[in-house]
Amino acid sequence: MTIKLYNTLSNSKETFTPLEEGKVKMYLCGPTVYDYLHIGNFRGAIFFNLVRNWLELSGYEVTFVYNYTDVDDKIINKAIAEGVDSTVISERFIAEFEKDFNRLGLKKHTHNPKVTEFMDEIVEYVATLVKNDKAYVVDGEVFYSLDNFSDYGKLSNKNLEDLNAGQRVEVDNRKKNPYDFVLWKPSKEGEPSWDSPWGKGRPGWHIECSAMIKSILGNTIDIHGGGIDLIFPHHENEIAQGEGCNCEKYCNYWMHNEFINMKNEKMSKSLGNVITGRAFMDQYHPEVLKFLMLSAHYRSVLTMSDDKIHQAISGLRRVYETLNTVETVLSEFEQSDAGKVNKTFSQLLIQQDAKIKKSMNDDFGTGELIASIFEVIRAFNALNILKKKKDPNSWTTANALKEWICRYGDMMALFKEVPSKFLYDIDEMMLKEKKIDRATVDALASKRDEARANKDWESADQARDELHALGIDFQDTPDGVKWNVKV
Ligand code: AMP
Ligand code: ZN
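Residues numbered from 1 in each chain as written. Chains lettered and ligands numbered in written order. Predicted model: local features only at pLDDT ≥ 70, side-chain atom pairs only at ≥ 80, totals over all residues. Heavy atoms only, no water.

So, on to the domain arrangement of the chain. Where interface size is quoted, it is often the accessible area lost as the parts come together. Domain parsing of the chain yields domain 1 (4-257), domain 2 (306-420) and domain 3 (434-485). Once you take the C-alpha centre of each, domain 1 and domain 3 turn out to be 57 Å apart. (Domains from an automatic or database assignment.)

What follows is the structure in C-alpha cells.
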C-alpha cells in the first residue's frame, strides 16, 4: 500500500516515492537555543517522530536530521545581557532542550547538527552561490540575488512582483531586490565571528539548514518539515539556496504542521502567551502533551484549552485502566498452552490494523488511529476478562491486547508508563488542579468503609455526598472504597 502525504509544494496529497528505494532522507528545522521551548515548538518534534516511526514500520530506513540553531541574534543578545560567551547560552539551552526531549521519550534523531560545527561548509556554500552568480557581495556582506532565481515563490505561492508591490521589507539600498536576503554578514564588536573570503562574519539564518542538509544528506532530500510559519521566507529561501548552489531539486516533499494556538492567537514568545513544554509536563505529564498533540491532525490548528487537556487526560485514563486490567490478568491468571485469542477480538484487531494503515497512509490520520485504539479497548472491556479466570483464553487475549497497544504506542511514543503508577499520577494531576489533599479523600473513603462495616448508613451516605461534592468518583469494592478524581 502506498503512503500519501500532503506536499506544500503542490498543495495536494501525493504518493510518496523516495529518491532511493527503501530509504528516506528527512530534515526538520530545529529550535533556536536561547530559551526553553514552548509547547508549540514541540508539535513538530512530536509529530515528525511519528512520521519517522510510521515510515520505519512501513519498511523504510530513515535518516532523520533535526538541527540546533546555535548562532542567532537572540542568543547573542542574551549572552551580552549576561556578560558571557554566546556558546554558554546555546549549550545551556541545548542541555535544557535535551532534558525535555528525553522526558518526552521520542526516538533519538540520526543527527543533531549545530550551526557552529558547519561553518566551513556554510562558507563554501555561500562561495558557490557567488560563483554561480546567485549571490553578490557588498562591503563584506553577501546577499542572495533573487532576480537570478526564476523559481522563487514556488513553495509559498508568492511572486516577487506582488511582494515588491506590497513593500513589506525595509528598503536597503545595497540590495538589488528588496527581498534579497543575507547569506553572510560581518559580525559586530563582541559578536561571535568566523573567517570567510568576505572578512570575519557570521551566517544569515536560512543558509544553515541548506548547508547542513547538503553535508549530511546530500543535494536532494525526500522530506523537509517545519511549522507553517517557516514556509515563507525560511523554506522558500532554503529552496533558492539549494537549487542555486546545486542546480538540482532541493526537496521532493514539504510537510508543514499547523500552529498551537492560545485563544485564537498563535502561541509565541513575542505575544507572551506561551506555556513551556517543561511547565506543561510538570503540571500534567509528557503523555498528556503527546496524546493531546496527536489527537488532532497535524494540518489543523490546535487551540489549547482546559477542556482539550481534560479530554486528553480522560482518553489516557481509559487506555491505562484497560492496560491495568491487562496487567492484573497477566500476573494473576494462569497462562495456558491451550489458550487462544478470543476469536472475534482477534478479528477486530486485524480489521483495525487495516483501518489504521489506511488512515496513516492517508497523510497521517492520527485522529482515526486513536479512534481505532478506543474501539479495540471497548471491545476488550466488553469481554469482561477479569471475571474469566478459569478460561484458558483469558491470559492469551489480554496479552494480545498488550502487544497490539504497545506496537502503536511505540509509534506514537505513548502508553509506555506503568499503568497503576500512571493512573495514580492522573489522580495527582487532578487533585492538584482541584486543590484537594489526597489525605482528605482517603479519610472520607475510610469513613465510608467503616460506616458501611458498622451498618451506619447515615454516615456512609454523608461520606458519599462529601466525596461527590469534591468531584471524586468511587466504587465500593470488597477491598474498600476505590476512588478516582473526575476529570
Ligand atoms: P523557532 O524556534 O521560533 O524557529 O521555532 C521552532 C519551530 O517551532 C518551528 O518549526 C516553528 O514553526 C514552530 N512553532 C513556533 N511556534 C509554534 C506554534 N505556536 N505552534 C506550532 N509550531 C510552532
Ligand atoms: Zn530551517
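With that settled, the discussion passes to the nonpolar core. Among the nonpolar cores identified, the biggest contains 105 residues, and Leu-55, Phe-364, Met-412 and Phe-415 are the most heavily contacted of them. Contact partners of Phe-364, with chain neighbours within four places excluded, come to Leu-5, Phe-47, Leu-50, Val-51, Trp-54, Met-255, His-297, Tyr-298 and Ser-359. (Core = buried A, V, L, I, M, F, W, Y, C linked by side-chain atoms within 4.5 Å. Buried < 20%, exposed > 50% of the residue type's maximum accessible area, 1.4 Å probe, protein only. Contact = heavy atoms within 4.5 Å.)

This brings us to the environment of Lys-176. Examined against the element boundaries, Lys-176 turns out to sit in the loop between helix H5 (160-166) and strand E7 (182-186). For the pair formed by Lys-176 and Tyr-136, sequence separation is 40 residues and the distance between their alpha carbons is 9.2 Å. (Helix = DSSP H or I, 4+ residues; strand = E, 2+ residues; numbered from the N terminus.)

Turning to the coordination of the zinc ion (ligand 2), a few remarks are in order. Protein-derived ligands of the zinc ion (ligand 2) are Cys-29 (SG), Cys-209 (SG) and His-234 (NE2), with the metal-ligand distances lying across 2.0 to 2.2 Å. Mapping the donors of the zinc ion (ligand 2) onto the primary sequence gives the spacing C-x179-C-x24-H. Taken together, the positions of Cys-209 in helix H6 (residues 205-216) and His-234 in helix H7 (residues 231-246) put the pair 25 residues apart, joining distant regions of the chain. Residues Cys-209 and His-234 agree in their burial class; the two are buried. (Donors = N, O, S within 2.8 Å, 3.2 Å for Na, K, Ca; no water.)

Taken together, 13 residues lie near ligand 1, and Gly-40, Gly-227, Asp-229, Ile-260 and Met-267 sit nearest. Gly-40 has a polar backbone atom sitting 3.0 Å from a nitrogen atom of ligand 1. At a separation of 3.1 Å, an oxygen atom of ligand 1 approaches a polar side-chain atom of Asn-41. In isolation ligand 1 exposes 490 Å². Once the protein is present, 85% of that is buried. The residue inventory of the shell around ligand 1, partitioned by class, reads 4 nonpolar, 6 polar and 3 charged. (Near = heavy atom within 4 Å. Polar contact = N/O pair within 3.5 Å; in protein donor to acceptor, adjacent residues only side chain to side chain. Areas by Shrake-Rupley, 256 points an atom, 1.4 Å probe, with all protein chains shown as cover. Nonpolar A, V, L, I, M, F, W, Y, C, P; charged D, E, K, R; others polar.)

All right, on to the side chain of Asn-252 then. Counting through the fold element by element, Asn-252 comes out in strand E10 (residues 251-257). By relative accessible area, Asn-252 is classed as buried at 16%. Here the side chain of Asn-252 touches Lys-249 through a polar contact of 3.3 Å, side chain to side chain. If we skip the residues at most four places from it in the chain, Asn-252 touches Asn-7, Leu-9, Leu-19, Thr-220, Ile-221 and Asp-222.

Turning our eyes to something else, we now look at the side chain of Arg-52. Here Arg-52 lies in helix H1 (residues 39-57). Overall, Arg-52 belongs to the buried group, its relative accessible area being 6%. Sequence-distant contacts of Arg-52, that is, excluding residues within four places in its chain, are made with Met-26, Val-62, Phe-64, Lys-107, Lys-108, His-109 and Thr-110.

Time to look at unusual backbone geometry. Peptide bonds are mostly trans, and most non-glycine residues show a negative phi. Here the amide bond leading from Phe-232 into Pro-233 is cis, since omega sits at 0 degrees, within 30 degrees of zero. Phi is positive for Cys-247, which is not a glycine, with a value near 55 degrees. Within the secondary structure layout, Cys-247 lies in the loop between H7 and E10. Residues other than glycine seldom take positive phi values, yet Lys-435 does so here, at roughly 55 degrees. Relative to the helices and strands, Lys-435 is located in the loop between helix H14 (419-434) and helix H15 (438-453).

This part covers the pairing of strand E1 (residues 4-7). For a regular strand, side-chain orientation follows a simple rule: the groups alternate between the two sheet faces. With burial as the criterion, only one face of E1 is covered, namely that bearing Leu-5 and Asn-7; the residues Lys-4 and Tyr-6 on the opposite face remain uncovered. Bridge count between E1 and strand E2 (residues 12-15): 4 bridges; the pairing is antiparallel. Paired with Leu-5 across the strands is Glu-14, a residue of E2. (Pairing = 2+ DSSP bridges.)

Pairing is mixed across the open sheet formed by 3 strands, whose spatial order is E12-E11-E13. Single-partner strands in this sheet number two, and they are strand E12 (265-266) and strand E13 (302-304). Sheet analysis places strand E11 (residues 260-262) next to E13, joined by 3 bridges and oriented parallel. Bridge pairing links Ile-260 to Leu-302 in E13.

Quick look at the sheet that holds strand E3 (residues 23-28) now. Remark on secondary structure: sheet strands pair via backbone hydrogen bonds, oriented parallel or antiparallel. Ordered in space as E4-E3-E9-E10, the 4 strands form an open sheet in which the pairing is parallel. Each edge of the sheet is formed by a strand with only one pairing partner; in this case those strands are strand E4 (61-66) and E10. Each neighbouring strand pair of the sheet contributes to a mean axis angle of 20 degrees, computed without reference to strand direction. The sheet contact formed by E3 and E4 spans 6 bridges and is parallel. By the bridge assignment for E4, Met-26 is matched with Phe-64. (Axes fitted to C-alpha atoms, helices over the stretch in contact; angles between N-to-C directions.)

It is at 11 Å that the axes of helix H10 (residues 306-332) and helix H12 (residues 366-382) come closest, and there the two elements cross at 40 degrees. For the element pair H10 / H12, the angle class is oblique. By crossing handedness, the relation of H10 to H12 is classed as left-handed. Where H10 abuts H12, its residues Gly-315, Arg-318, Val-319, Thr-322, Thr-325 and Val-326 lie against Ile-373, Phe-374, Ile-377, Arg-378, Phe-380 and Asn-381. Here the contact of H10 with H12 is composed, by residue class, of 6 nonpolar, 4 polar and 2 charged. (Parallel < 35°, antiparallel > 145°, perpendicular 65-115°, else oblique. Left-handed = near helix turned anticlockwise from the far one by under 90°.)

The next thing to look at is the packing of aromatic side chains. Under the defined criterion, the tally for this structure stands at 22 aromatic pairs. Centroid distance Tyr-144 to Phe-149: 6.4 Å. Interplanar angle 90 degrees. Geometry classified as edge-to-face. Accessibility classification places Tyr-144 together with Phe-149 in one group, the buried group. With a centroid separation of 4.9 Å and 70 degrees between ring planes, the pair formed by Trp-404 and Tyr-408 is classed as edge-to-face. With Trp-404 and Tyr-408 both in helix H13 (residues 393-412) and 4 residues apart, this pair spans about one turn of that helix. (Phe/Tyr/Trp six-rings, centres within 6.5 Å; stacked < 30°, edge-to-face > 60°.)

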